[in-house]
Structure formats: C-alpha cells, structure tokens
Amino acid sequence: MNSKKVIIAIVFLLAFLTGVNFVIFPALGTAFTDPSLFGLSSSQFGNLFIPQVVCIIISCLGTPFLVNKWGPKIILASGVLLMLISTGTLWGLHYFITEKTFLFPVLMVLVAFTGSGFGLSITTLNPLAASLFERGNTSAILILQFLVGLGTSTSPLMMNLIGDIKNWMYVPGIIFITVCIVWIIFLSLKIEKGTFFELPGHFRIPGKLWWFFGAIVLYGCVEGTFGSFGGVILKNKGLDNSNASLGLSLFWGGIALNRLLFGIFSKRFDLSPFFLIAPIGVAAFILLLLVYPDIKLLLFVMFGTGFFMGSIFPGSIGWGTVEFPAYSVLVSGFLMAANQIGTGIVTNVLGSFSGYMSTILEMLIFLMGMICIVFFYLKRNSRIKDAF
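Here's a quick rundown of the structure. (Residues numbered from 1 in each chain as written. Predicted model: local features only at pLDDT ≥ 70, side-chain atom pairs only at ≥ 80, totals over all residues. Heavy atoms only, no water.)

**Description of the overall build of the chain**
Counting secondary structure elements, the chain contains 17 helices and zero strands. Taking 21 Å as the expected radius of gyration for a compact globule of 388 residues, we find that the chain reaches 20 Å, a close match to that expectation. Each principal axis of the C-alpha atoms in the chain carries an extent, and together these give about 60 × 55 × 35 Å. Burial status across the chain gives 54% buried among its 388 residues. Accessible area of the chain: about 16,500 Å², with a carbon and sulfur share of 68%. Within the chain, one finds 21 positive and 13 negative side-chain charges whose respective centroids are separated by 8 Å. (Helix = DSSP H or I, 4+ residues; strand = E, 2+ residues; numbered from the N terminus. Rg over C-alpha atoms; globule rule 2.2 N^0.38 Å. Buried < 20%, exposed > 50% of the residue type's maximum accessible area, 1.4 Å probe, protein only. Areas by Shrake-Rupley, 256 points an atom, 1.4 Å probe, with all protein chains shown as cover. Lys, Arg positive; Asp, Glu negative; His and termini not counted. Charge placed at Lys NZ, Arg CZ, Asp CG, Glu CD.)

See the structure below:
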C-alpha cells in the first residue's frame, strides 16, 4: 500500500495511539496503588515515572541520528514495538498479580520501555508528518500534536468506562490489540527515507536552535506546573475536588482546541503574530488566576491559559523545521527533549514548594515573559511567516 492518503491516515492514527499508549501507566494509577491489586505505595508510584522521563529525553536526543542512518520507517516501527512490548507485558501481569515482590521492578522496566518507545515514535512522527505535505509543515505538526493530546485523554476515559477497578487489565489489552493491528498495517507501507530525514555529514547545532531549546525548557516548566499541580492550585483557590478536576480537564482541552484550530487556519491566514504574543496571553491569564478572587471565573481562566499555551510547543517545532530544514529531525528530538526536561524538573521539584503557589504563579508569569522575548529575538531575519 503506497497511496499517500493511506500513509497520511496511518501516520496520524499512530500519533493518536502513541498518545493513548504513553499515558497508560498514569491512567492505571488507582490500580497500581490499590492494596488488593499491585499494592504500590504513593512514593513507589511517583518513582515509577523517573525512568520514563530519563528514557524519553535520551531517546529524543538519539532518534535524529538513528533516523539519519536507518530511515523513519524502521525507527518509528521500533518505537511502537517497544511500547507494544511494554503494554502487552503489562496486560499479562494480571496472571501474576499475587507476586507483589517483583511487580515494582518489572513495572519500572516497562515504564522505561514505554518512555523509550514514545521518544523514538514522537520524535520521528513530527518530521514524518511534515514531510508528507509540500506546504503547511507546521499545520501538520500542530494537528499531529492535537491527536497525541487527544490520545492522552483517552486512556483515563477508558479506565472510567470499565467501571470496576479489578477489570483494569482490559485497558492495556484493548490498547495492545489496537496498536498491534495498526503497527502491522504500518509495516506494509512503503515510506522512503528521503533527504528530509538526512543530517549533514559534518554539522554543528545552529546557535538559534539553542534559543528554541531554552524557550521550550521554560515552556515545559509552565506546562508541567499546570499539568501536575493544576488541581492543587485550584483547590488552594477554593474549588472542591470535582471542580478542580474539571478545571484541569479544561486546561488540557484548551491546549487541544488551540492546536486543532491553529493547524486548520494557519493554512489560510498568517497566524505568526498570534504565535508571538501567545506567551503574553498565557501570562495574562495566570495573572487573573493570581489576583482575581471570583471562583466562577477560575474555570474559564484555566481554559484560557491552556488555549494560549496550545500552539507554543508544536509551533516551535514547526517553526524550527522551516528555519533549519537540514536539521528537521534534530529539531523535533531536541525540542521534545527540552519539553521533557522542563516538565521533569517541575514534577520532581515543585512538590516540596506546594505551599507557595502564589510565588510559583508569579514565577510562571516571568517565564512566559522570557519566552516572548526569545521569540521576538528569533523573529529577526527568520522564516516565521513560512511556518505559520
């Protein structure tokens, strides 16, 4: 099957399923910490994701060189296979649920497999999606990231739909079978390596790319704060558990909606001015969250914060891909790693400072201001209008 439409459909479907597979371990958190099932302590469950972050960063940085040597099809297939091994093994663990002594080490290995597979897959998917369109590279990446985000919301939904927590094994089972079918179809496709994925024989990372890297590390700190501690922030503002969860869902919904709309309308309009001032929009909504006491407004503020954040990360990958066409895969891996570094720092450090949320929000406003300054610096003599 060599139809370009079929290739595009399978690549974007793999992006969605990569998102589904990526969050399977957090989605099963209640099963992992249930004493009658896996019986992990809260600290063990938290430590479970350390190898995931480390493996994602390493694989994102290594993937450009692997794709340069072996091509996108082999590396993407390998990344999906690693996630399949992890999910399939997790599915099979329900036969050994009584052997609790070895469950935690096994889960640590499986999480590392998932992180490595995700890093290989998503770093390859970004430039692969861009290469399938002669124009609108950034739009393709934005829509792909929308589908990844949609996938990440699907696994927790599946966990809610199965009802009884003792039926947890159906979640990895359904995911494993579905991804396996799409993976087999992907193996039958003919995808050329092409010059899009080649790195120069002798190269050095462009200086401007380091500025992109720094901006996305800062972005990762902000996204990680809201993604991991958004519920805590809202509860400190007076919301109950139900509304705090709703606020967090609205935050991720705002991100997803922005990426979808940006991907659709950037083909018709020049959205580069919106992209450049998006960090200021985020800062303005965080300021509202900080100073405005009306509880009813907080849910709207969370949605607005997510909406203005939505295009910053995938848009930077798209802009960098247009700006450095000879380094398209390197841009994807480099910025994916930057996002994970920022998110990982916040996730592992911020818990000790949860009592200082007002100060943290003030710092986030400062970080968004820094990102905006970096973007306007990078805009000089750039090809940003080609990207958006």
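**A few points about a nonpolar patch on the surface**
On the surface, L81, I85, V109 and F113 cluster together into a nonpolar patch covering about 300 Å² of accessible area. Mapped by element, the contributors of at least two residues to the nonpolar patch are helix 6 (72–92) and helix 7 (100–131). (Patch = residues over 30% accessible without salt bridge, like charges linked within 9 Å, V, L, I, M, F, W, Y side chains within 5 Å. Salt bridge = Lys/Arg side-chain N within 4 Å of Asp/Glu carboxyl O.)

**What about helix 15 (residues 328–349)?**
Helical geometry note: an α-helix holds 3.6 residues per turn, so side chains three or four residues apart project in the same direction. Taking 1.5 Å as the rise per residue, helix 15 with 22 residues should run 32 Å; its terminal C-alpha atoms sit 32 Å apart, in good agreement. With 17 of its 22 residues buried, helix 15 lies for the most part within the structure. (Expected span 1.5 Å × (residues − 1).)

**Things to note about the packing of aromatic side chains**
Applying the stated criterion across every chain, the model contains 20 aromatic pairs. For the ring pair F212 and F324, a centre distance of 6.3 Å and an interplane angle of 85 degrees mean the geometry is edge-to-face. Highlighted residues: F212 in helix 10 (residues 207–236) and F324 in the loop between helix 14 (312–323) and helix 15, separated in sequence by 112 residues. Looking at F324, the relative accessible area reads 9%, which means it is buried. Taken together, a centroid distance of 6.2 Å and an interplanar angle of 25 degrees make the contact between F303 and F307 stacked. Separated by four residues within a single helix, F303 and F307 lie in helix 13 (residues 295–309), roughly one turn from each other. By the ring-pair criterion, three or more aromatic residues cluster together here, those being F262, F274, F285, F300, F303, F307 and F308. (Phe/Tyr/Trp six-rings, centres within 6.5 Å; stacked < 30°, edge-to-face > 60°.)

**Describing the packing of helix 5 (residues 50–70) against helix 15**
It is at 8 Å that the axes of helix 5 and helix 15 come closest, and there the two elements cross at 170 degrees. As summarised for this structure, helix 5 and helix 15 are arranged roughly antiparallel, according to the angle between their axes. Across the interface between the two elements, I50, V53, I56, I57, C60, L61, P64, F65 and V67 of helix 5 pack against V329, L330, G333, F334, M336, A337, Q340, I341, G344 and N348 of helix 15. Of the residues assigned to the contact of helix 5 with helix 15, the class counts are 15 nonpolar, four polar and no charged. (Axes fitted to C-alpha atoms, helices over the stretch in contact; angles between N-to-C directions. Parallel < 35°, antiparallel > 145°, perpendicular 65-115°, else oblique. Contact = heavy atoms within 4.5 Å. Nonpolar A, V, L, I, M, F, W, Y, C, P; charged D, E, K, R; others polar.)

**Remarks on the environment of L17**
Note that L17 resides in helix 1 (residues 4–22). Classification of L17 by relative accessible area gives buried; the value is 7%. C-alpha of L17 to C-alpha of F176: the two residues are 159 residues apart in sequence and 9.9 Å apart in space. When sequence neighbours within four positions are dropped, the list of residues in contact with L17 reads T178, V179 and V182.

**Considerations on the nonpolar core**
Of all hydrophobic cores here, the largest spans 124 residues; its most connected members are F32, F38, L90 and L107. Sort the elements by how many residues they give to this core and helix 10 lands first, with 13 residues. (Core = buried A, V, L, I, M, F, W, Y, C linked by side-chain atoms within 4.5 Å.)

**Considerations on helix 5**
Spanning 21 residues, helix 5 covers 29 Å between terminal C-alpha atoms, matching the ideal 30 Å at 1.5 Å per step. Of all the bends in helix 5, the largest measures some 40 degrees and sits at T63, one to four residues before the proline P64. Listed in full, the buried residues belonging to helix 5 are P51, Q52, C55, I56, I57, S59, C60, T63, P64 and V67. After helix 5 finishes, the residue G71 shows a positive phi value of roughly 90 degrees. (Bend = angle between axes of the 7 residues up to and from the residue.)

**So, the packing of helix 12 (residues 272–291) against helix 16 (residues 357–379)**
Relative orientation of the contacting elements helix 12 and helix 16 amounts to 170 degrees, with a least axis distance of 8 Å. Considered as vectors, helix 12 and helix 16 are oriented roughly antiparallel to each other. Facing F275, L276, I277, P279, I280, V282, A283, I286, L287, L289 and L290 of helix 12, the residues of helix 16 in contact are S358, L361, E362, L364, I365, M368, I371, C372, F375, F376 and K379. Classifying every residue of the contact of helix 12 with helix 16 gives 19 nonpolar, one polar and two charged.

**Digging into the state of the cysteines**
Going through the model one piece at a time under the given rule, you end up with zero disulfides. The thiol sulfur of C221 is not disulfide-bonded, and the nearest other cysteine sulfur, from C60, lies at 16 Å. (Disulfide = S-S within 2.5 Å.)

**Quick word on the side chain of T124**
Inspection of the secondary structure assignment puts T124 in helix 7. Owing to a relative accessible area of 1%, T124 belongs among the buried residues under this scheme. In contact with T124, other than residues within four places in its own chain, are T63, V67, P72, I75 and L76.

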